[in-house]
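Breakdown of the fold
Residues per chain are reported as follows:
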Amino acid sequence: MSTAIPNRPVGVGLISVGWMGKVHSRAYLALPIVYPELGIKPRLVIAADNVQERADYARDVLGYEKITLDYHDVLNDPEVDVVSICAPNFLHAEIGIAAAKAGKAFWIEKPVGRGADETESVEKAADAAGVVTSIGFNYRNAPAVEHSKQLIASGALGRITNIRGTFFADYSAEPNGALSWRFIRKFAGSGVLGDLMGHLADLVQYLVGPISEVSGITKTIITERPVLQMGSGTHFDVIEGGEKKPVENEDYGGALIRFADNAIAAGAVGTIEASRVAVGPRASYNFEIYGTEGSVKWDFERMNELEVAIGRKGEHVGYQRIMASPSFGDFGSFQPGAGTSMGYDDLKIVEARKFLEAYFGGPAKNSNIHDAVAAARVVSAIEESAESKKWISVKPATGTTAAIAK
Ligand SMILES: NC(=O)c1ccc[n+]([C@@H]2O[C@H](COP(=O)([O-])OP(=O)(O)OC[C@H]3O[C@@H](n4cnc5c(N)ncnc54)[C@H](O)[C@@H]3O)[C@@H](O)[C@H]2O)c1
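Because the structure is a prediction, the values reported are computed rather than measured.

What follows concerns the domain arrangement of the protein. Split into domains, the protein comes out as domain 1 (8–138) and domain 2 (142–343 + 368–393). Each of domain 1 and domain 2 was reduced to a C-alpha centroid, and the two centroids are 24 Å apart. With 25 residues of domain 1 at the contact, the number on the domain 2 side is 32 residues. At the boundary of domain 1 with domain 2, total buried surface from both sides reaches about 2300 Å², with 60% on carbon and sulfur atoms. Of the charged contacts, one joins Arg 377 and Glu 120 as a salt bridge, the two residues approaching to 2.9 Å between their closest N and O atoms. The tally of links between domain 1 and domain 2 comes to 12 residue pairs in polar contact (both at pLDDT 80 or more). At the level of elements, α1 (19–34), α5 (116–129) and β6 (133–135) are the ones that each hand at least two residues to the side of domain 1 that touches domain 2. With seven residues, the top contributor of residues to the side of domain 1 that touches domain 2 is α5.

This is the structure:
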């Protein structure tokens, strides 16, 4: 390897070894191979989970040097430089604030708390400590999404007039789908709004700018489910014949939206919807962005494709389906040619790259705690609007990476 490449070891601590804890760990392990030119060498120092067998998995399978049942041990470990916080929502604020106070940069999963007030408390602590933050807004990192962002910013679609976003999943469409922590207010906060709408709010704001006003609706469709103990199974589990308890938050949320005056899409309007009980879409995370000169459509189920229409005249007016290729986003770091598709884990490897580059003082391409606040405020405004049946203004966030008009 060339001597021009820096040698940048970094000690990693992980808090919670569920689905996301595994995905973050795989991302750290893959990073030096996918991006050898950065010289960043994550070392998996210590992992915490309060369930012994999950902690054991971190040591025995993922390769962490040490394990603990108490997450404070991760934050107090002098060999830990950066922390991945992959705990359920009710612990985000407590752990995020503690990580900031311990002076550790952290990569935290969305939605960063059970509501905008908790996200703001983490923002305050991170700002006070001056630590680098990164949020699990992985869909930003899809090369076709990055390409859409460039097209919009370059003006290729003209003036943005309206958008439509639908994050529709079927992970809880089965009536005997498990009542995991995601359905209980004290653990999750809102339901699909925090879980999927937060991702969509972030994606939309990243691409076309801040949302300023919402008129929302919510609905719980399956009102009780069989109980699943935290730290066992996954929220995809189906439990036949188990004891049922009430679902405490919404399965569906939707909103009419308007964009702020400083957005690339200033003056534009749109709709955003999310469901965790849609039958048909598996993980159809989709946006359509329309402008006076063209439009783009993307769906996570076809993550490597983008439908693009540019221009209003000629025999071939209408959509072209193009495939992500090495010139789109980070695609070239993974595959040498179009058609050899990337997957979900790869988005997390890109996210790890952005986080750790920012940690080492490189370009700040990471989503940050201010982006989490911006998304959480949209989610909270939709909840408030659904309750009051009124349009609700979204308090502007500062320091975000939202698409602002030049
Ligand atoms: N970015 C994405 O696409 C994405 C996808 C899934 C989940 N998430 C987010 O990631 C977070 C975790 O979700 P998940 O699906 O991995 O959950 P999970 O239920 O699979 O894992 C959560 C883990 O936290 C552990 N835990 C509970 N209390 C703890 C404590 N006090 N100390 C340490 N560990 C504790 C549990 O034992 C469990 O292993 C959530 O906030 C969720 O919104 C993001």
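Resuming the write-up.
Okay, the site of the ligand next. Taken together, 29 residues lie around the ligand, and Ser 16, Asp 49, Asn 89, Asn 138 and Tyr 344 are the ones closest in. One of the backbone nitrogen or oxygen atoms of Trp 19 is found 3.0 Å away from an oxygen atom of the ligand. A distance of 2.7 Å is found between an oxygen atom of the ligand and a side-chain nitrogen or oxygen belonging to Tyr 344. In isolation the ligand has 860 Å² of accessible area, and contact with the protein removes 93% of it. Residue assignment for the shell around the ligand shows that the elements contributing at least two residues are α1, α8 (192–208) and α10 (344–359). When the residues that make up the shell around the ligand are grouped by side-chain class, the tally is 13 nonpolar, nine polar and seven charged. A domain split of the shell around the ligand shows at least three residues from each of domain 1 (8–138) and domain 2 (142–343 + 368–393).

Pairing within the open sheet is parallel, and its six strands lie in the order β3-β2-β1-β4-β5-β6. The sheet is open, and its two edges are formed by β3 (66–68) and β6, each paired on a single side. Put simply, the sheet's adjacent strands are angled 25° from each other on average, direction ignored. Lying on the sheet, helix α4 (residues 92–101) is in contact with β1 (8–15), β4 (82–85) and β5 (105–108); it crosses β5 at an angle near 160°. Sheet contacts for α10: β1, β2 (40–48), β4, β5 and β6; angle to β5, the most-contacted strand, approximately 160°.

Here we have nine strands laid out as an open sheet, ordered β16-β15-β14-β13-β7-β12-β11-β8-β17, and mixed in their pairing. Only two strands of the sheet have a single partner each, and these edge strands are β16 (320–323) and β17 (392–393). By the bridge criterion, seven bridges tie strand β7 (residues 160–169) to strand β12 (residues 269–275) in an arrangement that is parallel. Following the sheet pairing, Phe 167 is matched in β12 by Ala 274. In the packing of helix α6 (residues 143–154) onto the sheet, contacts are made with β7, β13 (283–291), β14 (294–299), β15 (305–310) and β16, and the angle to β15 comes to roughly 20°. With respect to the sheet, helix α11 (residues 369–388) is in contact with β8 (211–219), β11 (252–259), β12 and β17, its orientation differing from that of β8 by roughly 55°.

With that out of the way, let us pick up the nonpolar core. Among the nonpolar cores identified, the biggest contains 110 residues, and Phe 106, Val 208, Val 214, Phe 259, Ile 272, Ile 289 and Trp 298 are the most heavily contacted of them. Residue contributions to this core peak at 10 residues, all from α8. Per-domain counts for this core show at least three residues from each of domain 1 (8–138) and domain 2 (142–343 + 368–393). Not counting the four nearest positions on each side in its chain, Ile 272 is found in contact with Ile 163, Gly 165, Met 197, Leu 200, Val 204, Ile 211, Gly 253, Gly 254, Ala 255, Ile 257, Val 378 and Ile 382.

Now for the packing of α1 against α10. Interaxial distance between α1 and α10 falls to 8 Å at its minimum, and their mutual angle equals 70°. Between α1 and α10, the crossing angle belongs to the class labelled roughly perpendicular. In this structure, the crossing between α1 and α10 has a hand that is right-handed. On the side of α1, the interface is formed by Met 20, Val 23, His 24, Arg 26, Ala 27, Tyr 28, Ala 30, Leu 31 and Val 34, while α10 contributes Tyr 344, Asp 345, Lys 348, Ile 349, Ala 352, Arg 353, Phe 355 and Leu 356. Residues of the contact of α1 with α10, tallied by class, amount to 12 nonpolar, one polar and four charged.

The rules behind these values
- Residues numbered from 1 in each chain as written.
- Predicted model: local features only at pLDDT ≥ 70, side-chain atom pairs only at ≥ 80, totals over all residues.
- Heavy atoms only, no water.
- Domains from an automatic or database assignment.
- Contact = heavy atoms within 4.5 Å.
- Buried area = accessible area lost by both parts, 1.4 Å probe.
- Salt bridge = Lys/Arg side-chain N within 4 Å of Asp/Glu carboxyl O.
- Polar contact = N/O pair within 3.5 Å; in protein donor to acceptor, adjacent residues only side chain to side chain.
- Helix = DSSP H or I, 4+ residues; strand = E, 2+ residues; numbered from the N terminus.
- Near = heavy atom within 4 Å.
- Areas by Shrake-Rupley, 256 points an atom, 1.4 Å probe, with all protein chains shown as cover.
- Nonpolar A, V, L, I, M, F, W, Y, C, P; charged D, E, K, R; others polar.
- Pairing = 2+ DSSP bridges.
- Axes fitted to C-alpha atoms, helices over the stretch in contact; angles between N-to-C directions.
- Core = buried A, V, L, I, M, F, W, Y, C linked by side-chain atoms within 4.5 Å.
- Buried < 20%, exposed > 50% of the residue type's maximum accessible area, 1.4 Å probe, protein only.
- Parallel < 35°, antiparallel > 145°, perpendicular 65-115°, else oblique.
- Left-handed = near helix turned anticlockwise from the far one by under 90°.

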